[in-house]
Amino acid sequence: MSISTTVPAPNSKMNSESNTKKVMLSAVTPSNTLTLGNYLGALKNWVGFYENYDCYFFSVDLHALTARQDPKALLDHTLRALANYLAAGIDPKKAKLFIQSHVRQHAELSWILTCHAYMGELSRMTQFKDKSSKQGQNIGCGIFSYPILMAADILLYQTDLVPVGEDQKQHVELTRDLALRMNHLYDTELFKIPEPFIAPVGARIMSLQNPLAKMSKSDTDPNASIFLTDSNDQIVKKFKKAVTDSGTEITDDPAKPGVKNLLTIQSAITKKPIAELVEGYRGKMYGHLKLETAEMVVAEIGPIRDKSNQILSEQTELMKILREAAQAASVQAELTTTKVREALGLLSPAR
Ligand code: TRP
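Every value quoted in this text rests on a predicted model; they were computed, and no experiment measured them.

**Section: the domain arrangement of the protein chain**
Phase 1 of the analysis: When cut into domains, the protein chain gives domain 1 (22-198 + 315-344) and domain 2 (232-311).
Phase 2 of the analysis: Here domain 1 and domain 2 have C-alpha centroids that lie 31 Å from each other.
Phase 3 of the analysis: Contact with domain 1, which involves 13 residues of that partner, is made by 13 residues of domain 2.
Phase 4 of the analysis: Roughly 1,100 Å² of surface becomes buried between domain 1 and domain 2 when both sides are summed, with 66% attributable to carbon and sulfur atoms.
Phase 5 of the analysis: A salt bridge links Glu-300 to Lys-44; the shortest N-O distance between them is 2.9 Å.
Phase 6 of the analysis: Counting every contact that joins domain 1 to domain 2 gives 4 residue pairs in polar contact (both at pLDDT 80 or more).
Phase 7 of the analysis: Secondary structure elements with two or more residues in the side of domain 1 that touches domain 2: helix H2 (36-49), helix H4 (71-87) and helix H14 (315-344).
Phase 8 of the analysis: When its residues are assigned to classes, the side of domain 1 that touches domain 2 shows 8 nonpolar, 3 polar and 2 charged.

What follows is the structure, given as structure tokens:
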């Protein structure tokens, strides 16, 4: 049996890449089909700047297990999310697109971090408080330790930047706390300290039925969310049914969250400021706003839906992309876990 004392050297390509580019990482939970909110709030933004980073984008199937999943649906959602990334324009040669459970180190590091986290800090997580209060009895342990697995996702790749929604910022802060604690405890720079990146205001898309709540892929009202699988007809119908506000005037007014949400969607698609859009709606009715928003959304996500369907119908290519990316990600993940194992006194397996 040999005791590994050195971290395997990364290959030269990885080395030069990681010297010049910062690491950006983000992930999506395949608990359902992605929505227009996921697309405008995350994906569409990344397409603009991801090429300047060494990127890891993945589907967190292990996170999805914190709620009971239908196995076949989980598999479909996992693959579809990645097909959506490709269809939205993420180039698999420039970003690693993979499935979380294919890189086994996520689960390993998650356990090690669990042993360094406190029940107190996890109990303070807003998402845990929300979800557990809704579950009543029998709260799953996975819901409680969910943020630790997320921390492992981030820390494994020595990540610099984590683009997330406002609701996930607290989890990135916990990740930073865990990383600082471990670095301090073992007196080595085991992990880089990541920064959250919150998308600019305006990218937060709300439910079409309750514009005070975020559009969510797990909303039980099918009219509340536009899914990236919706047909053009379904999109138009949902916008026609969208809840607007009392009054008739189209203005950017916090008292009119329904109208504001439609304007936000248009602004995220066209990149025009809301004030300019409002100008164009002077003297027009809510009906115009709903229909024109629907048309813009159809033009924007219709092609992504069609492309995703095509990618999913020729699965060999998708599988190849996922396999190669998981292999490349595993190399980096293994570097980090080896460093951690050594610092903690865990014997590395003989090679
Ligand atoms: N928790 C995130 C969400 O619900 C998903 C996620 C898991 C994630 N691991 C991550 C996001 C790592 C960013 C980085 O949206």
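Now that the structure has been shown, the text picks up again.
**Digging into the packing of helix H10 (residues 232-240) against helix H13 (residues 286-313)**
Phase 1 of the analysis: Axis separation between H10 and H13 bottoms out at 9 Å; the angle between their running directions is 150°. Regarding the angle of H10 to H13, the classification is roughly antiparallel. Two packed elements cross with a definite hand, and for H10 against H13 that hand is right-handed. Residues Asn-232, Ile-235, Val-236, Phe-239 and Lys-240 of H10 form the contact with H13, whose own contacting residues are Lys-290, Leu-291, Thr-293, Ala-294, Val-297, Val-298, Ile-301, Gly-302 and Arg-305.
Phase 2 of the analysis: For the contact of H10 with H13, the class distribution of residues is 8 nonpolar, 3 polar and 3 charged.

**So, the nonpolar core**
Phase 1 of the analysis: Among the nonpolar cores identified, the biggest contains 55 residues, and Phe-57 and Phe-239 are the most heavily contacted of them.
Phase 2 of the analysis: Lining this core are residues from two domains, each supplying at least three of them: domain 1 (22-198 + 315-344) and domain 2 (232-311).
Phase 3 of the analysis: Those residues in contact with Phe-239 that sit more than four places away from it in its chain are Leu-36, Leu-208, Ile-226, Leu-262, Ile-265, Lys-290, Thr-293, Ala-294 and Val-297.

**A word on helix H11 (residues 257-270)**
Phase 1 of the analysis: Taking 1.5 Å per residue as the helical rise, H11 with its 14 residues ought to reach 20 Å, and the 20 Å between its terminal C-alpha atoms agrees with that figure.
Phase 2 of the analysis: Summarising burial for H11: 12 of the 14 residues are buried, a large majority.
Phase 3 of the analysis: Taken together, the buried positions of H11 are occupied by Pro-257, Gly-258, Val-259, Asn-261, Leu-262, Leu-263, Thr-264, Ile-265, Gln-266, Ser-267, Ala-268 and Ile-269.
Phase 4 of the analysis: Once H11 finishes, Lys-271 follows within two positions and takes phi at roughly 65°, a positive value.

The rules we used
Residues numbered from 1 in each chain as written. Predicted model: local features only at pLDDT ≥ 70, side-chain atom pairs only at ≥ 80, totals over all residues. Heavy atoms only, no water. Domains from an automatic or database assignment. Contact = heavy atoms within 4.5 Å. Buried area = accessible area lost by both parts, 1.4 Å probe. Salt bridge = Lys/Arg side-chain N within 4 Å of Asp/Glu carboxyl O. Polar contact = N/O pair within 3.5 Å; in protein donor to acceptor, adjacent residues only side chain to side chain. Helix = DSSP H or I, 4+ residues; strand = E, 2+ residues; numbered from the N terminus. Nonpolar A, V, L, I, M, F, W, Y, C, P; charged D, E, K, R; others polar. Axes fitted to C-alpha atoms, helices over the stretch in contact; angles between N-to-C directions. Parallel < 35°, antiparallel > 145°, perpendicular 65-115°, else oblique. Left-handed = near helix turned anticlockwise from the far one by under 90°. Core = buried A, V, L, I, M, F, W, Y, C linked by side-chain atoms within 4.5 Å. Buried < 20%, exposed > 50% of the residue type's maximum accessible area, 1.4 Å probe, protein only. Expected span 1.5 Å × (residues − 1).

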